[in-house]
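# Architecture at a glance
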Amino acid sequence: MQPKIQVKNVTKIFGDHPEQAFELLEQGLGRKEIQQRTGQTVGIHDVNFDVDQGEILVVMGLSGCGKSTLIRCLNRLIEPSGGQVLIDGEDILQLSQKDLLERRRRKFGMVFQNFALFPHRSIVDNTAFGLEIRGTTRDERHGKALEALKLVGLDGWENAYPSQLSGGMQQRVGLARALAADPDILLMDEAFSALDPLIRRDMQNELLNLQARMKKTIVFITHDLDEALRLGDRIVLMKDGYVVQIGSPEEILSSPASRYVERFVEDVDKTQVLTAGAIMRDAPVLASPKDGPRTALRRMEQESFYCSFVVQRDGTLEGYIWADDAAEAIKRKEKTIEGLIQRDHQPVKPDEPISTLIQMLADTRIPVPVVDDQGRLVGTVVKSNVLAALADNQPDREGQEDDTADGEGGGDEKAPAESAAPAP
Amino acid sequence: MSQDFPFVGKFPLSDYIDAGLDWMTQAFSGVTRGISTVLGGGVETVVAVLSFPPPWVVILLIAALAWWIAGRRVGIGTAVGLLFLWNLQLWDATIETLTLVLFATAVAVILALPLGILGGLSDGFKRLIMPILDLMQTMPAFVYLIPAIPFFGLGQVSAMFATVIFSMPPAIRLTILGIRQVPGELVEASDAFGANWWQKLFKVQLPLAVPTIMAGINQTIMLALSMVVIAAMIGAGGLGSEVWRAIQRLQPGDGFEAGIAIVILAMILDRVTQRIGQQRKQQ
Ligand SMILES: Nc1ncnc2c1ncn2[C@@H]1O[C@H](COP(=O)(O)OP(=O)(O)O)[C@@H](O)[C@H]1O
Ligand SMILES: [Mg+2]
């Protein structure tokens, strides 16, 4: 089967005299040297890859390595200096302006890092933008826009304005806007990078769910290896404007092609290294099954906590109770809290990695209890413990300067080592 | 008398300008006469219509309009201000000035918008027009009166011509600014969805530039009002000629009355047009 997108020898040089840069590239000079000698910036150099129909291809690399340039070469928002970009076998770079606009309207949907919603348009009009550009009638495009909004879970918000929505919701609109015109290809440039970690995780899951149904061809840009591993069918790793390695997540992890990739992989997942045992705290409140509801409630009130874990005398975790239930039990004059104990908690072992905890904490209202092999409660983890641990444990980045970002492209993106950390 | 410039005679700049203007007056006489008829007729008609009903009816209508656009305070202020002008026996002059200013502004905006849009979209055109705008604004406003007369004769149309040229630059400048201020990522987003240039302009750039453009139009109106006294020198009539007459007869009291009338008119127009810009911004 013909690949949906074929990128062949695509090069982009920013500046007035790309031919000078081409010459030096032939001689094998690096980006920095070419910049110094000619003033030309090599955005990307000799990039080759295919994307199959229905595949999610993730392009990843550090800030400034040319990811945004590359994705914009696919729909010619940036005009490549050389090479070919074939969409369904047709070379996009040979199209007339008119045909190019037509292809952008029919085949591409794009999602941007900072959402790029139109502040003067309501949510539904933002979503319908692509269809409006195509000349679809008002009724039809509103119908399709509402469908797309429903798809991303935003029905009911169609008459709001972007400024009234949170970041996560705005990006859902961004996604809906790209989907509304039902394009074959989705281009997503760091679409989730501006969102905080938990919302980001939600969006990733949602994208995967949508993709399972829609089977679009997606090119997804990120600087975060965790995200790349989660979303990508295949991953293209870039450095300083060229491709370092292309492969499935397993291939990237198990056989890194260079020291650069290795470093990426090395400190990618702190969340796999930090464990529940390392970050847990003592349980805020404890009770025993024989305690009266009044005692249990007073302890919760003293600690200002809305629930309490219940343990046997030997420390075995029994379950937990809600403060509200204890208050009710007092009214009913019950003697012990035994009847109130909830048992739907999910205990983890001390060696559980934080990555699982993040997901569990997103779904539960109580702290995650940590138990030892005998089932005894040894500590608990709440959301703030995780966030604090991730923030504290920044590995020292000094040592990798030489081999990573060249500092260009602004400091707005975090290095992979920091990717899982919360915004400060 | 200073010494003459050595070796060469005076560069005949004024002769060239005169010759050029003479030629243009001849060549465009048909056009200028047409403009004269249309604009002159338009102004006269509007003045006649506004002068026909009793002043309080017109005042109520204008105040209601101000209320609707800019809220209760401005509406009431407008009514009080205009009633005061009527009381000062300046109602007819006020109508004449108001009409002239609004006509001049309308013409200025109609010319300024396309020029501003071009300047907003094209770097080359912006480089070309910026020095011209500087020139238009720094040239003493009186100078515009002189060529206006051979083109349009004495009277309101000449006054409008000078007023339009003098007051147009801020509208052009702020249109350029407004278009250029539109965040690049929004322009990029519309490109990504395949918008052609006019879809981009009318669906994204212009709507987002409206508050800035309105600020420019507001300034244009204020500049047009500041021209009324000068315009009166070539027979524009209105409040300006009241001031002008007071100057010639050395009657400070009358001069102040007319001056205050111009200030009141300025305040009303300012508040109302400011409000239009702000409303758009709030969305
Ligand atoms: N319009 C431009 N003009 C000149 N240089 C540019 C331009 N856009 C990007 N670059 C340069 O190209 C390189 C790649 O940028 P970009 O594609 O934005 O990287 P990324 O998206 O991976 O952070 C950077 O060094 C950047 O400074
Ligand atoms: Mg980027």
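Residues numbered from 1 in each chain as written. Chains lettered and ligands numbered in written order. Predicted model: local features only at pLDDT ≥ 70, side-chain atom pairs only at ≥ 80, totals over all residues. Heavy atoms only, no water.

Within chain A, the regular secondary structure consists of 18 helices and 15 strands. The buried share among the 424 residues of chain A stands at 54%. Summed over all atoms, the accessible surface of chain A reaches about 19000 Å², with 45% contributed by carbon and sulfur. (Helix = DSSP H or I, 4+ residues; strand = E, 2+ residues; numbered from the N terminus. Buried < 20%, exposed > 50% of the residue type's maximum accessible area, 1.4 Å probe, protein only. Areas by Shrake-Rupley, 256 points an atom, 1.4 Å probe, with all protein chains shown as cover.)

A few words on the side chain of Gln205 of chain B. Relative to the elements of secondary structure, Gln205 of chain B occurs in helix α10 (residues 197-226). Non-local contacts of Gln205 of chain B, meaning those with residues more than four positions away in its chain, are made with Leu121, Ile179, Val182, Val187 and Lys200 of chain B. (Contact = heavy atoms within 4.5 Å.)

All names here are of chain A. The environment of ligand 1 is made up of 14 residues, and the closest members are Gly64, Gly66, Lys67, Ser68 and Thr69. Cys65 places a polar main-chain atom, nitrogen or oxygen, 3.3 Å from an oxygen atom of ligand 1. A distance of 2.5 Å is found between an oxygen atom of ligand 1 and a side-chain nitrogen or oxygen belonging to Thr69. A total of 560 Å² of accessible area belongs to ligand 1 in isolation, and the protein chains cover 70% of it. Of all the elements in the fold, those that place two or more residues in the shell around ligand 1 are β2 (41-51) and α3 (67-74). (Near = heavy atom within 4 Å. Polar contact = N/O pair within 3.5 Å; in protein donor to acceptor, adjacent residues only side chain to side chain.)

Applying the stated rule across the entire model yields nine aromatic pairs over all chains. With 6.2 Å between their ring centres and 80 degrees between their planes, Phe129 of chain A and Phe193 of chain B make a pair best called edge-to-face. Of this pair, Phe129 of chain A sits in helix α6 (residues 129-134) while Phe193 of chain B sits in the loop between α9 (184-192) and α10, on two different chains. As far as burial versus exposure is concerned, Phe129 of chain A and Phe193 of chain B are alike and both buried. Ring centres of Phe11 of chain B and Tyr16 of chain B lie 5.7 Å apart, and the angle between their planes is 75 degrees; on these two criteria the pair is classed as edge-to-face. Taken individually, Phe11 of chain B and Tyr16 of chain B each receive the classification exposed, so the pair is uniform in this respect. Three or more aromatic residues joined by ring pairs form one cluster here, namely Phe305, Tyr306, Tyr320 and Trp322 of chain A. The ring of Phe118 of chain A has Arg177 of chain A sitting right over it, with the charged end atom 5.2 Å from the ring centre. Directly above the aromatic system of Trp322 of chain A lies the positively charged group of Arg365 of chain A, at a separation of 4.8 Å from the ring centroid. (Phe/Tyr/Trp six-rings, centres within 6.5 Å; stacked < 30°, edge-to-face > 60°. Lys NZ or Arg CZ within 6 Å of the ring centre and 35° of its normal.)

If you walk across this open sheet you meet the four strands as β2-β1-β4-β5 (chain A), and the pairing is antiparallel. Both outer strands of the open sheet, β2 and β5 (90-91) of chain A, are each paired with one neighbouring strand and no more. (Pairing = 2+ DSSP bridges.)

The next point concerns the pattern of salt bridges. All names here are of chain A. In the structure shown here, the tally under the stated rule is 30 salt bridges over all chains. For Glu55, the salt bridge identified is with Arg234, shortest N-O distance 2.6 Å. Placement of the pair is Glu55 in the loop between β2 and β3 (56-60) and Arg234 in strand β9 (residues 234-239), with a sequence separation of 179 residues. The salt bridge partner of Glu132 is Arg121, with a shortest N-O separation of 2.9 Å. Here Glu132 is found in helix α6, whereas its partner Arg121 is found in the loop between β6 (108-111) and α5 (123-127), with eleven residues between them in sequence. Neither residue differs from the other here; Glu132 and Arg121 are each classed as buried. (Salt bridge = Lys/Arg side-chain N within 4 Å of Asp/Glu carboxyl O.)

Residue and element names in this part refer to chain A. Bridge count between β9 and strand β10 (residues 242-247): five bridges; the pairing is antiparallel. The residue of β10 that forms the bridge with Lys239 is Tyr242. Here β9 hands over to β10 after two residues, with Asp240 in that stretch at a positive phi of 45 degrees.

Glancing now at the confidence of the model for chain A. Looking at chain A, the pLDDT average stands at 85 and 88% of residues meet or exceed 70. Long-range and interchain partners of residues 393-424 of chain A, a stretch whose pLDDT sits below 50, account for 58 contacts in this model, where long-range means more than four residues apart. (pLDDT = per-residue confidence, 0-100.)

Quick look at the sheet that holds strand β12 (residues 307-311) of chain A now. All names here are of chain A. Judged by pairing direction, the sheet is mixed, and its three strands sit side by side in the order β11-β12-β13 without closing on themselves. Only two strands of the sheet have a single neighbouring strand rather than two, namely β11 (286-287) and β13 (317-322). The sheet contact formed by β11 and β12 spans two bridges and is parallel. Across the sheet, the residue bridging to Leu286 is Phe309, located in β12. Across the sheet, helix α16 (residues 323-331) is in contact with β12 and β13; its angle to β13 comes to roughly 75 degrees. (Axes fitted to C-alpha atoms, helices over the stretch in contact; angles between N-to-C directions.)

Another aspect to go through is the interface of chain A and chain B. Listed as interface residues are 22 residues of chain A and, on the opposing side, 17 residues of chain B. In this assembly, chain A packs against chain B so that about 1800 Å² is buried in total across both faces, 64% of it on carbon and sulfur atoms. Ranking the residues of chain A by area buried against chain B places His120, Phe129 and Ile133 of chain A at the top, with a combined share of 26%. Viewed at the interface, chain B and chain A are joined by two salt bridges. Here Glu188 of chain B ties to Arg72 of chain A by a salt bridge, and the two come within 2.5 Å at their closest N and O atoms. Taken together, the connections running from chain A to chain B amount to seven residue pairs in polar contact (both at pLDDT 80 or more). Elements that contribute at least two residues to the side of chain A that touches chain B include exactly α4 (97-107), α6 and α8 (167-180) of chain A. Broken down by element, the side of chain A that touches chain B gets its largest block of residues, four residues, from α6 of chain A. Taken together, the residues that form the side of chain A that touches chain B break down as twelve nonpolar, four polar and six charged. (Buried area = accessible area lost by both parts, 1.4 Å probe. Nonpolar A, V, L, I, M, F, W, Y, C, P; charged D, E, K, R; others polar.)

On the surface, Leu135, Met139, Phe142, Val143, Ile146 and Met233 of chain B cluster together into a nonpolar patch covering about 520 Å² of accessible area. Per element, the largest residue contribution to the nonpolar patch is three residues, and it comes from helix α7 (residues 142-152) of chain B. (Patch = residues over 30% accessible without salt bridge, like charges linked within 9 Å, V, L, I, M, F, W, Y side chains within 5 Å.)

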